[in-house]
Amino acid sequence: MRIDDILETVSTPSRREFLKTSGRLVVGFTAAAHAAPLVPLAGAQTGAVQGAGPYPDPDFHQLDSWIVIHQDNTATFYVGKTDLGQGTGTAFRQIMSDELDMAFERTTCIMGHTDLTVDQGGSGGSDALQVDGWPMRRVAAEARRVLLDMGSTHFGVPVDRLAVSDGVITVKADPSKQVTYGELIGGRRFGVTLTGRNINETTGIATLKPVQEMKYVGTSPQRDDIPAKVNGTAKWAVDAKVPGMLHARNVKPPVAGASVVRIDESSVRGMPGFVAVVREGNYVAVVCEREEQAIAAARRLQVNWRTPATAPFPASEDLFAYMRGTKPTRTLDPQANGDIEAALAGAAVRLEAEYEVPFQGHTSIGPAHAMADPSNGQLTIYSNDMKSYGLRSGIAEFLGIPREKVRVLWLHGPQAYGRTAADDAGFEAAYLAQKLGRPVRVQWMRDEEHAWDTKGPAYLVKLRGGLDARGNLVALDYEARAADYCHLGYNEHDTVLIAQLTGRQRQEAAEGGASAPSDTYVVPNRRSLMHVVSLPLVWETPLRTGNLRDPNGPQATFAGESFIDELAAEAKVDPVEFRLRLLTGQMNGVGRVLSDLPDDAGFRRARSIACVKAAAEAYGWRPRPSPGPRGGGDLLAGRGFAYAYRNQTVVAQIAEVEVNRRTGRVWVKRLVCAHDCGLVVNPQALRHTVENAMLHSISRALHEEVTFDTEKVTTVDWRTSPTLTHLDTPERIDVVLVNGDPNPNRPDLPHYGAGEAACKPLIAAIANAIYDATGARIRRVPFRPQRVVAALEAVRV
Amino acid sequence: MANLTLSVNGQRRTVDVDPATPLLYVLRNDLDLHGPRFGCGLGQCGACTVLIGGTATRSCVTPVSAVKGEVTTLDGLAKDGKLHPVQQAWIDEQVPACGYCQNGQMLTAVSLLQRNPRPTDAQIREAMAPVLCRCFTYYRIQAAIKRAAGAAQTV
């Protein structure tokens, strides 16, 4: 079956026509129960569809841009987000169905198509519900208000004498009098103008429902994207195909910073299906009729490269020595309270430790890809990039064409947890399509993805702590260096890889950032100091940093929460008890009156305490200091605790590990996560997201490291770059959903983010569990067998 | 280029391709079967898995000319509109996140359960280990395989 044949019948022109034309009927559309998100992909063989541009931005001030009610009393929601496989699309339907009072089963949600859905920026920052959920709720509530007004006119009775449920309005006094939303407005425009200074503030005049009146929020309907992903009918960006489409493959510089001297096109010209070699600066691609032909030709193409005169970076085994010795390019303003040096000097016990986290990559299971179609003077990009709106603007800027002529259709794709190379592939496909005047599909090969995708920055963290004579923490000093200079943003026309390789990058590199752990501990003397360092080569390098799921969080928290554990062990206090003392301010009596603290900190702290307690209870945590008693066999068991918050979401985690003292293998056997993200929309989808986020962190804790020599990345496939496998899977995972709000029944309980918070503390929890099991403290990620064995030998285990 | 005839999902299909072409590209680009997906091209991850004669096989490293036997792709796993028990278990356990690798996970599970209808936990881990998931849905996958094995028993 061709992708065009399985496309939804909502055609792009009719939707755009609807948005600008009053009173038009929407034709040929029915929202099927449990339908997958509908994908109005253009049938590009009909030039009329592709020629139907330009593609103006849907106006978020128009209710019709967000919601369409159909004659059969179904509803379609149009939102500017993308669902990367965490169930956000289903959750949007839940919150909007509740506010609209429409049956959930009779709704569908279209996401991330820049010409059809309002620009909510796509996904990122775990903000889908925390930020974007609010305008979605308000517009749905506004639609309900307007429909009730229409019902009032229809029956000639005041609104307060009407009831509404599942899209059916009933006269309370005479339930035989009913009218459906579809009968009132089906297929026609609301014509209602909304207000709000920006899209996040979009609102009508209706009020939102109290949480207690919500029917679908808090339940777990099955995710609507799953059936199509299971039966093979899902629409993927990787499947996008139109007639006349060509296949391209990149030829990357063999070493970082290399430049093209000469290309011998005759090396591939006679190959079957050969179309073109495209080169600009150091960007090189081969284009062929068929995919396997493009792969073969890209491998065969003879390119002479000039190696740079100086090494682009230190080898990975020398990375931390380099980071320690180099002068920072940026030092952030320190966060400080009290007098750290005086407190350390006066402490009864001083502790100092250094932690190291290497570069880690996205290494997506599906290498970056996109397809671009330049038919009829327009440009349509089929992409899984989670920020389709930014991709559109960036490409328009890069190619120098009006935004209105460019659209991005978001389709399912692999593993989009941050700034992936999907950004880069989108620009490359668009560039090649414009250059050749034909539709071009590009996909990176495995070695490109591993070597050249964006990386989470390497971290070197030094911590110092001081305990008083009673074991109270009186001083805590955190100093981090992050290799994050020239951190890439999303879809920037002057930082994407093709902009760098073609010499069109911006003058000034981004200064980059670094983070401290996020906790609500009360420490009287505390300082957090963060620096950014740069590698020698800034542009055209595979060691380019970009957001990787919970950017900086796992690195900073590994150091911070490991060190808290070291302090607890030094004080011979149970690690949970130690943290509770820090959270409640019992230690030092500093936080004796929590209401003295700013509201937000008090609010987060209350929820932090609730999560720490909930995790300990769910695990069956018995208080004792670490390390625990050591068994006599090869397998040593231990448990570790760590906690953090991300924005307003709080997580407390416990890892139980089994360490093989002979082989050094670590198995995280059991996980507990207490998770408070406020109002839970879909508990089951949330639990799965949290489980998967924790396993992502196990993979980063145990396996993942980008290695390189002084000129190229040497982790280039799944052999050289180990990842978590089925063998590592925990035996048991408990996710406890906590509502630690000081006023848990408040009718306006907010919904916070959940995609990333659970990634944050787990690396530390695992390190703490290894210490608990063995008495050996591992301060360098990943905890691969050799490193574990060496750590055990160092303490004679 | 040469004419080659394959039996795929119960149908005979003839394609005109270079015999050395990996089966993956023939299925995806010539036959428009999009279940198998490119992951590594090296046989290391399993995203491209298909069944050949019932055995899970990596189509990215299998030349189309070497294919002997019936090819089943994810697209052809359901019979008469009814999902395969493994597919149903995947929905019941709500397994996929992004879903890109799940083709390989499901077909490898089908192959495992054909050989061993009641695998132990250790056997499931062992058999599934070569199929990678970078959304890390392994916990749910293993639950789904156990569920499917139970369902197969009651049939």
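Sequence order as written defines residue numbering, which begins from 1 separately in each chain. Chains and ligands are labelled by the order in which they are written, letters from A for the one and numbers from 1 for the other. Local features in a predicted model are, by the rule used here, given only for residues with pLDDT of at least 70; side-chain atom pairs are given and counted only at 80 or more, and totals for whole chains, interfaces and linings are based on all residues. Computation of side-chain values covers all heavy atoms of the structure but excludes hydrogens and water.

A.B. asks: So what about empty space enclosed by the protein? Which residues, and what values?
C.D. replies: All names here are of chain A. Space inside and on the surface of the protein is sampled on a 1 Å grid over the protein atoms alone, with a cavity defined as a set of points where a 1.4 Å probe fits but cannot get out and a pocket as an open set with protein on both sides within 12 Å along at least 5 of 7 lines; lining residues have an atom within 4 Å of a point. Grid points are joined across faces, edges and corners, and a volume is the space filled by probe spheres set on the points. Summed over the entire model, instances satisfying the criterion amount to 11 cavities of 30 Å³ or more. Its volume calculated, the largest cavity comes out at about 120 Å³. Along the walls of the largest cavity sit 16 residues, with Tyr-485, Cys-486, Leu-537, Val-538 and Leu-543 positioned nearest its centre. Under this grouping Gly is polar, as are all residues other than the nonpolar Ala, Val, Leu, Ile, Met, Phe, Trp, Tyr, Cys and Pro and the charged Asp, Glu, Lys and Arg. Class assignment of the residues belonging to the lining of the largest cavity gives a composition of 10 nonpolar, 4 polar and 2 charged.

A.B. asks: Give me the packing of helix H3 (residues 102-115) of chain B against helix H4 (residues 121-128) of chain B: which residues, what numbers.
C.D. replies: Residues and elements named next belong to chain B. Helix axes are fitted only over the stretch in contact, all axes being lines through C-alpha atoms; the angle between N-to-C directions runs from 0 to 180 degrees. Here a strand is any run of E in DSSP of at least two residues, a helix any run of H or I of at least four, and the numbering for each starts at the N terminus. Between H3 and H4, the shortest axis-to-axis distance is 10 Å and the interhelical angle comes to 130°. With respect to H4, the axis of H3 lies oblique. H4 is crossed by H3, and the crossing has right-handed handedness. Contacts from Gln-105, Thr-108, Ala-109, Leu-112 and Arg-115 of H3 reach H4 at Ile-124, Ala-127 and Met-128. Oblique is the label for any angle not covered by the other classes, which are roughly parallel (under 35 degrees), roughly antiparallel (over 145) and roughly perpendicular (65 to 115). Throughout, a crossing is termed right-handed when the near helix is turned clockwise from the far one, and left-handed when it is turned anticlockwise from it by less than a right angle. Pairs of residues are marked as contacts when any of their non-hydrogen atoms sit within 4.5 Å.

A.B. asks: Please provide a residue-by-residue account of the sheet that holds strand S9 (residues 274-280) of chain A, values included.
C.D. replies: Residue and element names in this part refer to chain A. A sheet is described by the order of its strands in space; here 7 strands give the open sequence S9-S10-S7-S19-S16-S17-S18, paired in mixed fashion. What marks the edges here is a single partner per strand, and that holds for S9 and strand S18 (406-410). Recorded for the sheet is a direction-independent mean angle of 20° between the axes of neighbouring strands. Seen against the sheet, helix H11 (residues 388-399) touches strand S17 (379-383) and S18 and runs at an angle of roughly 150° to S18. Across the sheet, helix H12 (residues 422-436) lies against strand S7 (246-250), S9, strand S10 (283-288), strand S16 (369-373), S17 and strand S19 (440-443), angled at about 30° from S16, the strand it touches most. Criterion used throughout: strands pair if DSSP finds at least two bridges between them.

A.B. asks: Let's hear about the domain arrangement of chain B: which residues, and what values?
C.D. replies: Residue and element names in this part refer to chain B. Per the domain assignment, the segments of chain B are domain 1 (2-76) and domain 2 (85-154). The domain boundaries here were taken from an automatic or database domain assignment. Computed from C-alpha coordinates alone, the two centres of domain 1 and domain 2 are separated by 21 Å. With 19 residues of domain 1 at the contact, the number on the domain 2 side is 14 residues. Two parts lose some accessible area (1.4 Å probe) when they are put together, and adding that loss for both gives the buried area. Contact between domain 1 and domain 2 buries roughly 1200 Å² in total, counting both sides, with carbon and sulfur atoms accounting for 54%.

A.B. asks: Break down the packing of aromatic side chains for me, citing the residues and quoting the values.
C.D. replies: The relative placement of two aromatic rings is captured by the distance of their centres and the angle of their planes. Residues and elements named next belong to chain A. The criterion for an aromatic pair is that two Phe, Tyr or Trp rings (for Trp, the six-membered ring) have centres within 6.5 Å, with stacked assigned to planes under 30 degrees apart, edge-to-face to planes over 60 apart and tilted to the rest. Enumeration over the complete set of coordinates arrives at 13 aromatic pairs over all chains. Taking 5.4 Å as the distance between ring centres and 70° as the angle between the ring planes, the aromatic pair formed by Phe-313 and Phe-708 counts as edge-to-face. Here the residue Phe-313 occupies a position in the loop between strand S11 (302-306) and helix H9 (319-325), and Phe-708 occupies one in the loop between helix H18 (683-702) and strand S27 (732-737), the gap between them amounting to 395 residues. Three labels apply to residues, based on accessible area from a 1.4 Å probe with only protein chains included: buried if under 20% of the type maximum, exposed if over 50%, partly exposed otherwise in between. According to the relative accessible area criterion, Phe-313 is buried, its value standing at 1%. An aromatic cluster of at least three residues, connected via ring pairs, comprises Tyr-283, Phe-398, Phe-427 and Tyr-431. Over the ring of Phe-104 we find Arg-93; its NZ or CZ atom is 4.0 Å from the centre of that ring. Geometry around Trp-621 places Arg-639 over its ring, the cationic atom sitting 3.6 Å from the centre. Lysine and arginine charges are scored as sitting over a ring when NZ or CZ, respectively, is within 6 Å of the ring centre and within 35 degrees of the ring normal.

A.B. asks: So what's going on with unusual backbone geometry? Residues and values would help.
C.D. replies: All names here are of chain A. The omega torsion across Ser-626 and Pro-627 is -5°, close enough to zero to call that bond cis. When you line up the elements, Pro-627 lands in the loop between helix H17 (599-619) and strand S24 (635-646). Looking along the chain, the bond that leaves Val-781 and enters Pro-782 is cis, with omega of -5°. On the secondary structure map, Pro-782 appears in the loop between helix H19 (762-774) and helix H20 (785-794). If you check the backbone angles, Cys-486 has positive phi at about 65° while not being a glycine. Secondary-structure assignment places Cys-486 in the loop between strand S22 (473-483) and helix H14 (497-501). When its relative accessible area of 3% is taken as the criterion, Cys-486 is described as buried. One non-glycine residue, Arg-796, lies in the positive phi region at around 60°. Mapping Arg-796 onto the fold places it in the segment after H20. Classification of Arg-796 by relative accessible area gives exposed; the value is 77%.

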